[in-house]
Structure formats: C-alpha cells, structure tokens
Amino acid sequence: LLGLGIIGLTQGYGDDKALVSALSWAALLIGAGLLVFGISSYRKEQRRPNQPQYSELEKRLLIQSMASVANADGMVRDTEVITICNIHEQLLHVPVTPKEVHDIIDDTTSMEIMENLKAHAGDIGDHMKRIMIQSCQLIMISDSEIVNKEENRIHEIGSAIGLKKE
C-alpha cells in the first residue's frame with residue numbers, strides 16, 4: 001500500500017487527477033497505519049517469551065504469601081485484596097477475583113502457609129523469591145499503614161523461603 005500510494009502520488013499530481021491523488025493519499029495513510037500496527041504487535045509478541053515462567057507451585061505460594069501479609073493484623077482491607085488481584089494479574093497474566101483472594105485467606109492459616117513455604121523453599125526460584133517479598137511489601141503499604149505484624153510476617157516469609165534478613 002505504501003508503494004502504491006507513492007506511485008499514485010507521482011502520477012496523480014502531474015495531470016490534475018484529483019481522484020488518483022486522493023486514493024494515493026488514502027493508500028499511503030492506511031499503509032503507514034498498518035505498518036505501525038504490525039510493528040507494535042510484533043514487538044508485543046517478542047516481549048512475551050522473555051518473561052519468566054513460574055510453576056503452579058510458585059504461583060500458589062505467591063498468592064498465599066500475599067494473603068498472609070494482608071491477614072497478619074487480622075483486618076483484611078479492600079485495598080489489600082485489590083492489590084493482590086492486580087499483582088497477580090500483572091505478574092502472572094492470570095486474573096484472580098477478590099472472592100478467590102478471600103477464599104484463600106479464609107481456607108489457609110498463616111501457619112500452613114509458612115509450613116508450605118519452608119517445605120518448598122528449594123522449589124522456588126530466586127527471581128520468584130524476590131518477587132514474593134516485593135509483592136508482600138506492596139500489600140503491606142497498600143492500605144497506607146505499615147503495621148508491625150505485617151512487617152514481621154514479611155520477615156517470616158523471607159526466612160521461610162531461605163532469604164537472609166536485610
């Protein structure tokens with residue numbers, strides 16, 4: 001389309017052919033739009049394979065650890081639940097509903113989560129360990145309150161997955 005537009009413009013302007021000129025401009029604009037759209041689509045596809053792949057176990061432990069921090073002070077706020085949903089979708093490209101987050105909080109005790117983290121610490125990649133701690137920190141600050149119980153829970157999670165306190 002770009003080539004046809006250029007050829008049409010060179011032909012149309014010389015002989016007062018308004019229709020040819022208009023069609024040439026249309027072909028040029030459509031061709032340029034398709035080119036830009038194609039490049040942006042191609043770049044999006046190229047970025048996806050570079051994203052780390054996480055195991056189902058890592059995904060489950062991530063959401064459980066975030067839920068554990070949200071519940072550390074005994075009060076799970078809507079902002080914490082929404083933050084968990086957003087982090088889960090952005091990192092894992094899998095949406096999770098607030099109801100599912102509440103179900104995880106209700107069905108799993110923090111002690112069970114800590115035991116799971118300790119039992120599977122060797123199965124969690126270093127990248128996911130960092131993501132887990134950073135995500136938990138986001139949960140802690142999402143309600144604009146930093147509570148000692150939540151901060152302590154993050155330290156417990158770090159210890160359970162084999163990170164040293166820094």
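This is a predicted model, so every value here is computed, not measured. (Residues numbered from 1 in each chain as written. Predicted model: local features only at pLDDT ≥ 70, side-chain atom pairs only at ≥ 80, totals over all residues. Heavy atoms only, no water.)

Draft legend 1. Spatial organisation of the nonpolar core. Met66, Val101, Leu117, Met132 and Ile157 are the most contacted members of the largest nonpolar core, which totals 32 residues. Broken down by secondary-structure element, the contributors of at least two residues to this core are helix H3 (56-70), helix H4 (78-92), helix H5 (98-107), helix H6 (110-119), helix H7 (126-142) and helix H8 (148-160). In terms of residue count, H3 provides more of this core than any other element does, eight residues in total. (Core = buried A, V, L, I, M, F, W, Y, C linked by side-chain atoms within 4.5 Å. Buried < 20%, exposed > 50% of the residue type's maximum accessible area, 1.4 Å probe, protein only. Helix = DSSP H or I, 4+ residues; strand = E, 2+ residues; numbered from the N terminus.)

Draft legend 2. Layout of empty space enclosed by the protein. Enumeration over the complete set of coordinates arrives at one cavity of 30 Å³ or more. When its volume is computed, the largest cavity comes out at roughly 40 Å³. Every residue along the wall of the largest cavity is listed here: Ala67, Ser68, Asn71, Ile104, Ile105, Thr108, Thr109, Ser110 and Ile113. Secondary structure elements with two or more residues in the lining of the largest cavity: H3, H5 and H6. Among the residues making up the lining of the largest cavity, the classes are represented as four nonpolar, five polar and no charged. (1 Å grid on protein atoms, 1.4 Å probe; cavity = no way out; pocket = protein on both sides within 12 Å on 5 of 7 lines; lining within 4 Å. Points joined across faces, edges and corners; volume = space filled by probe spheres on them. Nonpolar A, V, L, I, M, F, W, Y, C, P; charged D, E, K, R; others polar.)

Draft legend 3. Structural view of the environment of Ile105. Take Ile105: it is sitting in helix H5. Placed 42 residues apart in sequence, Ile105 and Ile63 show a C-alpha to C-alpha distance of 9.6 Å. Apart from residues no more than four positions distant in its own chain, Ile105 is found in contact with Ala67, Asn71 and Val76. (Contact = heavy atoms within 4.5 Å.)

Draft legend 4. Looking closely at the environment of His120. You can see His120 is positioned in the loop between H6 and H7. Ignoring anything within four residues of it in the chain, the contact list for His120 reads Leu57 and Leu61.

Draft legend 5. Examining the confidence of the model for the protein chain more closely. The predicted model of the protein chain has a mean per-residue pLDDT of 79, with 67% of residues at 70 or higher. Ranking the elements of the protein chain by mean pLDDT puts helix H1 (residues 2-12) last, at 53, and H8 first, at 92. (pLDDT = per-residue confidence, 0-100.)

Draft legend 6. Layout of unusual backbone geometry. Residues other than glycine seldom take positive phi values, yet His93 does so here, at roughly 60 degrees. By the secondary structure assignment, His93 is in the loop between H4 and H5. If you check the backbone angles, Ser144 has positive phi at about 65 degrees while not being a glycine. Within the secondary structure layout, Ser144 lies in the loop between H7 and H8.

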